[in-house]
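Inside the fold
For reference, the chains in residue letters:
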Amino acid sequence: MSSRLDEAMRFHQTALNTRAYRQQVIASNIANADTPNYKARDVDFKAALNGALAGKSGNLALNTTSARHLAATGTSPLEASLKFRNEEQGAVDGNTVNMDVERSAFAENAVQYQASVTFINGLITGMQRAIQGQ
């Protein structure tokens, strides 16, 4: 029974983790708004969620020409879906953070995170009612 519940919640847990990671990336962009040559980044939510659900890692196959080369280290599917934002208006110092875009993305992601939490709470309440026979 618990494995069924775990499987039912796996998607939602992964979605929440992806939203939380995206929130960290956007917060990092905001924190570096005045850093010269900082390039704003964002997470492709759909690709990150699909990669995380499939259990894919962002490993790159590297060609080595010597036995002494270090092996490639794996990255999480979330890090693999991290992309640079398109530059809308260039800054003199090379920074690509647009605070209006970042604030909007931050607020939108927060609302979507809260909606996911509310949905999960509804699922859990429904499961509790079913178990109690109400």
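Below: a short report on this structure. (Residues numbered from 1 in each chain as written. Predicted model: local features only at pLDDT ≥ 70, side-chain atom pairs only at ≥ 80, totals over all residues. Heavy atoms only, no water.)

1. Section: helix α4 (residues 99-132)
Look at α4: 49 Å from first C-alpha to last across 34 residues, which is about the 50 Å you get at 1.5 Å a residue. When α4 is considered as a whole, its buried residues turn out to be Glu 102, Ala 105, Asn 109 and Ile 120. By the N-cap criterion, in which a side-chain oxygen at the helix start approaches the backbone nitrogen of a residue two or three places on, α4 is capped by Asn 98, the distance to Asp 100 being 3.1 Å. With its phi angle positive at about 75°, Gly 133 sits one or two positions after the end of α4. (Helix = DSSP H or I, 4+ residues; strand = E, 2+ residues; numbered from the N terminus. Expected span 1.5 Å × (residues − 1). Buried < 20%, exposed > 50% of the residue type's maximum accessible area, 1.4 Å probe, protein only. Polar contact = N/O pair within 3.5 Å; in protein donor to acceptor, adjacent residues only side chain to side chain.)

2. Here we look at the side chain of Gln 23
Here Gln 23 is to be found in helix α1 (residues 2-31). Gln 23 has contacts with Phe 106, Asn 109 and Ala 110, leaving out every residue within four places of it along the chain. (Contact = heavy atoms within 4.5 Å.)

3. A closer look at empty space enclosed by the protein
Throughout the structure, instances matching the rule amount to one cavity of 30 Å³ or more. Each pocket or cavity is described by its volume, and for the largest cavity that value is around 40 Å³. Its residues assigned to classes, the lining of the largest cavity comprises two nonpolar, four polar and three charged. (1 Å grid on protein atoms, 1.4 Å probe; cavity = no way out; pocket = protein on both sides within 12 Å on 5 of 7 lines; lining within 4 Å. Points joined across faces, edges and corners; volume = space filled by probe spheres on them. Nonpolar A, V, L, I, M, F, W, Y, C, P; charged D, E, K, R; others polar.)

4. Brief notes about the nonpolar core
Grouped together as the largest cluster of nonpolar side chains are six residues: Tyr 21, Val 25, Val 43, Ala 48, Leu 78 and Leu 82. Not counting the four nearest positions on each side in its chain, Ala 48 is found in contact with Thr 18, Val 43, Pro 77, Leu 78 and Ser 81. (Core = buried A, V, L, I, M, F, W, Y, C linked by side-chain atoms within 4.5 Å.)

5. What to know about the packing of aromatic side chains
Per the counting criterion, the structure on display carries zero aromatic pairs. Positioned above the aromatic ring of Phe 45 is the side chain of Arg 19, whose terminal nitrogen or guanidinium carbon lies 3.7 Å from the ring centre. Here Arg 41 stacks its cationic end above the ring of Phe 84, 4.5 Å away from the centre of that ring. (Phe/Tyr/Trp six-rings, centres within 6.5 Å; stacked < 30°, edge-to-face > 60°. Lys NZ or Arg CZ within 6 Å of the ring centre and 35° of its normal.)

6. Section: the pattern of salt bridges
In total, this model carries four salt bridges according to the counting rule given. Close ionic contact of Glu 102 with Arg 85 constitutes a salt bridge, the shortest N to O distance being 2.8 Å. Of the two residues, Glu 102 is situated in helix α4 and Arg 85 in the loop between β2 (82-84) and α4; the sequence distance between them amounts to 17 residues. An identical accessibility class is assigned to Glu 102 and Arg 85; each is buried. One continuous salt-bridge network, built from bridges that share partners, spans Arg 22, Asp 42, Arg 85 and Glu 102. (Salt bridge = Lys/Arg side-chain N within 4 Å of Asp/Glu carboxyl O.)

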